[in-house]
Amino acid sequence: MPDIRLLSAADARAVLTDLCEVLADCVNGGASIGFMQPYGLADALPYWQAVADSVESGATLLLVAEIEGKVVGTVQVGAAQMPNQPHRGDLKKLLVHRSARGKGLARLLMEAAEREASRIGKSLLVLDTATGSEAEAIYPRLGWQRAGVIPDYAMWPEGGLCDTTLFYKRIAALEGGSNGKGGDGVSKLGA
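Below or above, wherever it landed, is the structure these notes cover.

**What to know about unusual backbone geometry**
Turning to step 1, where the next piece is worked out: A cis amide bond, omega -10°, links Gln37 with the succeeding residue Pro38.
Turning to step 2, where the next piece is worked out: Tracing the sequence through the fold places Pro38 in the loop between α2 (16–28) and α3 (41–57).
Turning to step 3, where the next piece is worked out: For Lys93, which is not a glycine, the phi torsion comes out positive at approximately 50°.
Turning to step 4, where the next piece is worked out: Considering the arrangement of structural elements, one finds Lys93 in strand β4 (residues 88–96).
Turning to step 5, where the next piece is worked out: By relative accessible area, Lys93 is classed as partly exposed at 24%.
Turning to step 6, where the next piece is worked out: For Asp152, which is not glycine, the phi torsion reads 50° and is therefore positive.
Turning to step 7, where the next piece is worked out: Its place among the elements puts Asp152 in strand β6 (residues 145–155).

Pasting the structure below:
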């Protein structure tokens, strides 16, 4: 049974190798998530170090899915927004290692991200994903609304332009949530 955890910055730094493996696997598997092929663990390290710093500052919530103590999936919520958007969060980088797919981890990570976003006072989440990708099919099944498509938004990791589909989801902000500055510790969410 997978464990879903919200990581502190220290926790994120402790699992950098696992996070790098997940990101490299997804990029090399064709996911359009901001990076180009070929993509190795050393390429992923600066990205995850920056994410850990963002967790430390409270700007990002970082959740992971672990199986037998190894990180095999992850998702982030961008919590820091402009002053006129304290209610909004950006869902970023839903990643599941190809060896761990088909176990419902994407759903578990998304549900946990929504709970944690709600806990910090977010009531609206937004995301974008490559149009026509396997990932695009996940979000409507989880209650996300399609807002539209932007043509030629990014590139596939092997080259060539791809469109992106924008999604949003209204979530109920939990009463007593913080002001949206982010999480400040470790939370065991279970699965």
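We are not done yet, so read on.
**As for the pairing of strand β2 (residues 60–67)**
Turning to step 1, where the next piece is worked out: Of all eight residues that make up β2, seven are buried, and the element is covered over most of its length.
Turning to step 2, where the next piece is worked out: Pairing of strand β1 (residues 3–7) with β2, which is carried by five bridges, proceeds in the antiparallel orientation. Note that in β2 the partner of Arg5 across the bridge is Val64.
Turning to step 3, where the next piece is worked out: As judged from the eight bridges shared by β2 and strand β3 (residues 70–78), these two strands associate in the antiparallel manner. Residue Leu63 lies in a different strand from β3, and its bridge partner there is Val75.
Turning to step 4, where the next piece is worked out: The antiparallel pairing of β2 with β3 creates a hairpin that spans two residues between the two strands, and Glu68 there sits at a positive phi of about 50°.

**As for the environment of Leu161**
Turning to step 1, where the next piece is worked out: Mapped onto the elements of the fold, Leu161 is located in strand β7 (residues 161–170).
Turning to step 2, where the next piece is worked out: With relative accessibility at 54%, the residue Leu161 sits in the exposed group.
Turning to step 3, where the next piece is worked out: It is 15 Å that separates the C-alpha atoms of Leu161 and Asp128, two residues lying 33 residues apart in sequence.
Turning to step 4, where the next piece is worked out: The residues contacting Leu161, other than those within four sequence positions of it, are Asp152, Ala154, Met155 and Trp156.

**Side note on the environment of Asp128**
Turning to step 1, where the next piece is worked out: Positionally, Asp128 belongs in strand β5 (residues 124–130).
Turning to step 2, where the next piece is worked out: For Asp128, a relative accessible area of 41% corresponds to the partly exposed category.
Turning to step 3, where the next piece is worked out: Sequence separation between Asp128 and Thr17 is 111 residues; the distance between their C-alpha atoms is 26 Å.
Turning to step 4, where the next piece is worked out: What Asp128 contacts, discounting residues up to four positions off in sequence, is Tyr153, Thr164, Thr165 and Leu166.
Turning to step 5, where the next piece is worked out: A distance of 3.4 Å separates the side chain of Asp128 from the side chain of Thr164, its partner in a polar contact.

**A look at α2**
Turning to step 1, where the next piece is worked out: For α2, which comprises 13 residues, the first-to-last C-alpha distance of 18 Å matches the rise-based estimate of 18 Å (1.5 Å per residue) to within 8%.
Turning to step 2, where the next piece is worked out: Those residues of α2 that sit buried are Leu16, Asp18, Leu19, Cys20, Val22, Leu23, Ala24, Asp25, Cys26 and Val27.
Turning to step 3, where the next piece is worked out: Of the residues flanking the end of α2, it is Gly30, one or two places downstream, whose phi is positive at about 105°.

Conventions used here
- Residues numbered from 1 in each chain as written.
- Predicted model: local features only at pLDDT ≥ 70, side-chain atom pairs only at ≥ 80, totals over all residues.
- Heavy atoms only, no water.
- Helix = DSSP H or I, 4+ residues; strand = E, 2+ residues; numbered from the N terminus.
- Buried < 20%, exposed > 50% of the residue type's maximum accessible area, 1.4 Å probe, protein only.
- Pairing = 2+ DSSP bridges.
- Contact = heavy atoms within 4.5 Å.
- Polar contact = N/O pair within 3.5 Å; in protein donor to acceptor, adjacent residues only side chain to side chain.
- Expected span 1.5 Å × (residues − 1).

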